[in-house]
Amino acid sequence: MKKFVLLWVALHGLFALCAQDELITHYESSGYLETPRYNETIAYCKKLDEASDKIFYTSFGVSPQGRALPLLIVDKDGLTTPETIREAGRIVLLVECCIHPGEPEGKDALLMLVRDLAVRGLHAEALNGVSLLVIPIFNVDGHERFSAYNRINQNGPKEMGWRVTAQNYNLNRDFLKADAPEMQQWLALYTHWLPEFFIDCHTTDGADYQYVITYALETFGNMDPGITQWLTDTYEPALVDRMFGSGFPVFRYVSFRQWHNPKSGLRTSASPPMLSQGYTAIQNRPGLLIETHMLKPYQPRVESTYGMVLHTLNILNAEKNNLTTAIQQADQWCTSDAVKDKKLPIAFRNDWSDSTMVEFLGVEYREKRSELTSGVWYEYDSTKPVTFTLPMFEKVKVEKEIRMPTAYLVPVEWSEIIEKIIAHGIEYEVLDQDTEYEISGYRFRAPEWYATPYENHMRIRDVEVEEITGRRVFPAGSLYIPMCQRAAKVVAFLLEPEADGSLFSWGFFNSIFEQKEYSETYVMEPMALKMLREDPALQEAFEARKKKQPDWVNNQWEVMNWFYGRSLWADPKLRVYPVGRLY
Ligand SMILES: [Zn+2]
């Protein structure tokens, strides 16, 4: 009998060891040089699910090429819904990997971290207060465009996925406009869970320097002040300290003021909400952007990503209550009178008038004259570390702010816009009958577009915006969106034409610039003369227009159309924003 017991113990130990071995990741077994394909990643996620009650594998949607969008839910009690997890007193950290599949450190780091936390029991105390959601691959179709030649600057892994989706969308420009089916499904996941903290894992291109890993946080006035203060006073110092302790000195994710030239100074700025952490900021949720450095070997890039997520998990575990309080205060910003006269910044720019001197761990470099062009290029020598003292431009100013309306109105016929608004988890009402409102709106002049498409859109480069008021009927089915709601900033960024990355700026309203009716010269010439005789103000405007551009009168079509546009036959909806604002 004893022998049997011993044998059983020995076998059990062996099985346990095999089970552990089975959970060696592809990245580890390849000697830290390779990253697994989609199918292998999914198979591994399922194995994790089988190996621990704390891990649940599921998917949050399907890609245009038919692949499941994978999600791992890690909770110490095996809970799998936001309601039960919040009820158990835990907060949620969402980590997103491979939004750019050429940058797969997050996937390899997180597969190991989930295993270590939930199967091996390492650092498991971090799960006491925090549950972890992991998207190991977000851009699943792009991930399978696998090649060694996808990232020319990058030092491994041996092969990797492609930056954009099968439909050629860059998902990290799509958070607000949500064109890609993958993003629409991500938004459903995000607004359902509203994770208290979000991490997006990337690899940066650009100049050489010593840091293996850099990071960005939205602390420029584009997020609620209470959460911003928690980030700058508590989270960031703790993170920097712990990363330093793990052997990874870190710095804010910066670019050089002049392309590739360190001596020109460093700059960082508020991220618009088309980018991941810029988006979570306007949802009142802090987000961390991780950017490992592409010239470093793959292993330290994965290890530093692992470290940054684990440190964040530990900080969140300790700071759960403070962060929750800050988020609740941000979410409950709207009391009875809060909307009235509230100013809301909707566009930010670098303030170049002010900088602070910082120490930056760079490498020696020299400027070389190009033999093929008239340009210069920079040759870096990573074997020669140098500490530069450089000006850091990190002051950001508000370029545009609005007086917050009490509500927006979106006419029922703008169905694509309505779908997008709903995708962001925004509160709204649907008008059950045609309703007339006294609204504030916009009329546009002198629109100009970029010459080439960007992310499948002909974007507006410049336009003059005039505020107008008047009565307008909104048909039954139109959306009434009150601004006294948690996600008011998301509404404003979607619908204010001059907001960074608004739907208007992407060209979703381009059709309002198309004139659909015209006049013939034989109708317009006599009518124009009559209009001039009867209206001295029009005569004055006509003279002013001619003075502004003397050869204008030679363009008969434009001159006649100028009068047509001021006649009773002109289209009152031309260049008028269909969205209304209530004050
Ligand atoms: Zn990236």
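Residues numbered from 1 in each chain as written. Predicted model: local features only at pLDDT ≥ 70, side-chain atom pairs only at ≥ 80, totals over all residues. Heavy atoms only, no water.

**Student:** Where do I start with the domain arrangement of the protein chain in this structure?
**Tutor:** How big an interface is tends to be stated in terms of the accessible area lost upon association of its parts. According to the domain assignment, the protein chain contains domain 1 (25-331), domain 2 (348-397), domain 3 (405-513 + 577-582) and domain 4 (521-564). Of the residues lining the interface, 23 residues belong to domain 1; the matching set on domain 3 comes to 19 residues. The largest share of the area that domain 1 buries against domain 3 comes from Leu 176, Lys 177 and Ile 282, three residues that together contribute 35% of it. Our count for the contact surface shared by domain 1 and domain 3 stands at 2 salt bridges. For Lys 420, the salt bridge goes to Asp 179, with nearest N and O atoms at 3.4 Å. Counting every contact that joins domain 1 to domain 3 gives 11 residue pairs in polar contact (both at pLDDT 80 or more). At the level of secondary structure, the elements contributing two or more residues to the side of domain 1 that touches domain 3 comprise helix H7 (181-193) and helix H9 (276-282). Of the residues that constitute the side of domain 1 that touches domain 3, the class distribution is 12 nonpolar, 5 polar and 6 charged. (Domains from an automatic or database assignment. Contact = heavy atoms within 4.5 Å. Buried area = accessible area lost by both parts, 1.4 Å probe. Salt bridge = Lys/Arg side-chain N within 4 Å of Asp/Glu carboxyl O. Polar contact = N/O pair within 3.5 Å; in protein donor to acceptor, adjacent residues only side chain to side chain. Helix = DSSP H or I, 4+ residues; strand = E, 2+ residues; numbered from the N terminus. Nonpolar A, V, L, I, M, F, W, Y, C, P; charged D, E, K, R; others polar.)

**Student:** Would you take a moment to explain the sheet that holds strand E8 (residues 255-258) for this structure?
**Tutor:** For sheets, the rule is that strands pair by backbone hydrogen bonds, running either parallel or antiparallel. Read across the open sheet, the 4 strands follow the order E8-E9-E13-E12; overall the sheet is mixed. Only two strands of the sheet have a single neighbouring strand rather than two, namely E8 and strand E12 (356-369). Ignoring strand direction, the axes of neighbouring strands in this sheet form an average angle of 45°. Direction of pairing for E8 relative to strand E9 (residues 261-267): antiparallel, over a ladder of 3 bridges. When the sheet's bridge partners are listed, Gln 258 is paired in E9 with Asn 261. (Pairing = 2+ DSSP bridges. Axes fitted to C-alpha atoms, helices over the stretch in contact; angles between N-to-C directions.)

**Student:** Looking at this structure, how should I read the sheet that holds strand E1 (residues 55-62)?
**Tutor:** Taken together, the 8 strands give an open sheet; going across it, the order is E1-E2-E4-E3-E5-E10-E6-E7, and neighbouring strands pair in mixed fashion. Every other strand in the sheet has two partners, leaving E1 and strand E7 (251-252) as the edge strands with one partner each. Pairing analysis gives 6 bridges linking E1 to strand E2 (residues 68-74), with the strands arranged antiparallel. Counterpart to Ser 59 in the pairing with E2 is Pro 70.

**Student:** Just checking my understanding: could you explain the coordination of the zinc ion for this structure?
**Tutor:** Ideal geometry at a metal centre: 109.5 degrees between donors when four sit tetrahedrally, and 90 or 180 degrees when six sit octahedrally. With distances of 2.0 to 2.8 Å, the protein atoms coordinating the zinc ion are His 100 (ND1), Glu 103 (OE), Glu 103 (OE) and His 202 (ND1). One can describe the site at the zinc ion as irregular: its 4 donor atoms subtend angles covering 51 to 149° at the metal. Mapping the donors of the zinc ion onto the primary sequence gives the spacing H-x2-E-x98-H. With respect to class, His 100 is no different from Glu 103; both count as buried. (Donors = N, O, S within 2.8 Å, 3.2 Å for Na, K, Ca; no water. Tetrahedral: all angles 85-135°; square planar, octahedral: opposite > 155°, others 65-115°. Buried < 20%, exposed > 50% of the residue type's maximum accessible area, 1.4 Å probe, protein only.)

**Student:** When you look at the pairing of strand E3 (residues 91-96) in this model, what are you seeing that I'm missing?
**Tutor:** Along a regular strand, successive side chains alternate from one face of the sheet to the other. Taken across its 6 residues, E3 has 6 buried, putting it largely inside the fold. Going residue by residue along E3, you find Ile 91, Leu 93 and Val 95 tucked away on one face and Val 92, Leu 94 and Glu 96 tucked away on the opposite face as well. Sheet analysis places E3 next to strand E4 (residues 130-135), joined by 6 bridges and oriented parallel. Among the inter-strand pairings, Val 92 is bridged to a residue of E4, identified as Ser 131. Handedness of the E3-helix H5 (residues 105-118)-E4 crossover: right-handed. Looking at chain direction, E3 and strand E5 (residues 197-204) are connected through 4 bridges and run parallel. For Leu 94, the partnering residue across the bridge sits in E5 and is Phe 198. (Right-handed = clockwise from strand over helix to strand, strands pointing away.)

**Student:** Hey, could you run me through unusual backbone geometry in this one?
**Tutor:** A negative phi angle is the norm for most residues apart from glycine, just as the trans form is the norm for most peptide bonds. Cis geometry marks the peptide bond from Gly 156 to Pro 157; its omega dihedral reads 0°. Among the secondary structure elements, Pro 157 is positioned in the loop between helix H6 (140-143) and H7. For Tyr 32, which is not glycine, the phi dihedral falls at a positive 70°. A positive phi angle is found at Arg 575, which is not glycine, with a value near 60°. Locating Arg 575 in the fold gives a position in the loop between helix H15 (556-564) and strand E20 (580-582).

**Student:** Explain the environment of Val 490 to me, please; I cannot follow it from the model alone.
**Tutor:** With respect to the helices and strands, the residue Val 490 is situated in helix H12 (residues 488-495). Take Val 490: its relative accessible area is 0%, and that puts it in the buried class. If sequence neighbours within four positions are ignored, Val 490 has contacts with Leu 176, Tyr 279, Ile 282, Gln 283, His 424 and Ile 426.

**Student:** Sorry if this is basic, but what is going on with the state of the cysteines here?
**Tutor:** As used here, a disulfide is simply a covalent bond connecting the sulfur atoms of two cysteines. In total, this model carries 1 disulfide according to the counting rule given. Paired through a disulfide, Cys 334 and Cys 484 show a sulfur-sulfur distance of 1.8 Å. On the sign convention where negative is left-handed, the bridge of Cys 334 and Cys 484, at about -110° about the S-S bond, is left-handed. Placement of Cys 334 in the loop between helix H10 (298-331) and strand E11 (343-350) and of Cys 484 in the loop between strand E19 (479-482) and H12 is noted, with a sequence separation of 150 residues between them. Here Cys 45 stays free of any disulfide, with the sulfur of Cys 97 as its closest cysteine sulfur at 9.7 Å. (Disulfide = S-S within 2.5 Å.)

**Student:** Would you mind showing me how to read H12 here?
**Tutor:** One turn of the α-helix equals 3.6 residues, which is why residues spaced by three or four share an orientation. Counting buried residues along H12, 8 of its 8 residues qualify, which places the element largely inside the surrounding structure. Where the residues of H12 are buried, they touch H9, E11, strand E14 (396-403), strand E15 (407-410), helix H11 (415-423) and E19.

**Student:** Is there a simple way to explain the nonpolar core in this structure?
**Tutor:** A general tendency of soluble globular proteins is for nonpolar side chains to be buried together. Trp 186, Phe 197, Leu 288, Val 410, Leu 495 and Phe 509 are the most contacted members of the largest nonpolar core, which totals 134 residues. With 13 residues, the single largest contributor to this core is H10. Two domains each provide a minimum of three residues to this core, namely domain 1 (25-331) and domain 3 (405-513 + 577-582). Formed by 14 residues, the second largest nonpolar core is a distinct cluster that contains Phe 251, Val 358, Tyr 365 and Tyr 378. (Core = buried A, V, L, I, M, F, W, Y, C linked by side-chain atoms within 4.5 Å.)

**Student:** Where do I start with the packing of aromatic side chains in this structure?
**Tutor:** To describe a pair of aromatic rings, you give the distance between the ring centres and the angle between the ring planes. Tallying each qualifying case throughout the model produces 40 aromatic pairs. The interplanar angle of 75° and the centroid separation of 5.8 Å between the aromatic rings of Trp 552 and Trp 562 together place this pair among those described as edge-to-face. Of this pair, Trp 552 sits in the loop between helix H14 (536-548) and H15 while Trp 562 sits in helix H15; the two residues are 10 residues apart in sequence, bridging distant segments of the chain. For the pair shown, Trp 552 and Trp 562 are each scored as buried. Pairwise contacts between aromatic rings join Trp 414, Tyr 442, Phe 444, Trp 449, Phe 504, Phe 509, Phe 513 and Tyr 577 into one cluster. Directly above the ring of Tyr 450 sits Arg 459, whose terminal nitrogen or CZ lies 4.4 Å from the centroid. When the ring centre of Trp 506 is taken as reference, the NZ or CZ atom of Arg 459 above it lies at 6.0 Å. (Phe/Tyr/Trp six-rings, centres within 6.5 Å; stacked < 30°, edge-to-face > 60°. Lys NZ or Arg CZ within 6 Å of the ring centre and 35° of its normal.)

**Student:** Whenever I open this one, a nonpolar patch on the surface confuses me. Can you help?
**Tutor:** A cluster of nonpolar residues, Ile 422, Tyr 428 and Val 430, forms a patch on the protein surface that exposes about 240 Å² of accessible area. Here Tyr 428 lies in the loop between H11 and strand E16 (429-430). The partly exposed category is assigned to Tyr 428, whose relative accessible area is 33%. (Patch = residues over 30% accessible without salt bridge, like charges linked within 9 Å, V, L, I, M, F, W, Y side chains within 5 Å. Areas by Shrake-Rupley, 256 points an atom, 1.4 Å probe, with all protein chains shown as cover.)

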